[in-house]
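# Overview (structure and organization)
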Amino acid sequence: MAGRKETVSDKEILRFFEQSPDHFLTTNEVAEYLDFSKQGTRKRLYALADEELLDFKKVGRNPAWWLTDEGRELLETEE
């Protein structure tokens, strides 16, 4: 795999969503938490959406992201 080594696991990203008091998060909010670029964050979030662990809706030009039931179940089964 080319590019930078992942320093944050998918599970850590999902936990951030689970622990957030907000119902949805923006790419910018997640990028700040991860200390990643918006582009790198967007790729990770879309990959999690492809696995149906996150979902999103475009709000203007920017997606709003939230944890799916499948994402919550994954976190529960891996505790």
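For the structure, check the block above.
Here's what I pulled together on the structure shown here. Quantities reported herein were computed from a predicted structural model and do not represent experimental measurements.

### Digging into the packing of aromatic side chains
Applying the stated criterion to the full structure yields 5 aromatic pairs. An angle of 75 degrees between the planes, with centres 6.4 Å apart, marks the rings of Phe16 and Phe17 as edge-to-face. By relative accessible area, which is 18% here, Phe16 ends up buried. On the accessibility criterion, Phe17 (6% relative accessible area) is buried. Relative to Phe56, the ring of Tyr46 lies with its centre 5.1 Å away and its plane at 90 degrees, an arrangement referred to as edge-to-face. One end of the pair, Tyr46, is in helix H3 (residues 38-50); the other, Phe56, is in strand S2 (residues 54-59), and 10 residues separate them in sequence. For Tyr46, a relative accessible area of 26% translates into the label partly exposed. Phe56 gets classed as partly exposed once you look at its relative accessible area, which sits at 28%. An aromatic cluster is built from Phe16, Phe17 and Tyr33, whose rings are joined through pairwise contacts.

Calculation rules
Residues numbered from 1 in each chain as written. Predicted model: local features only at pLDDT ≥ 70, side-chain atom pairs only at ≥ 80, totals over all residues. Heavy atoms only, no water. Phe/Tyr/Trp six-rings, centres within 6.5 Å; stacked < 30°, edge-to-face > 60°. Buried < 20%, exposed > 50% of the residue type's maximum accessible area, 1.4 Å probe, protein only. Helix = DSSP H or I, 4+ residues; strand = E, 2+ residues; numbered from the N terminus.

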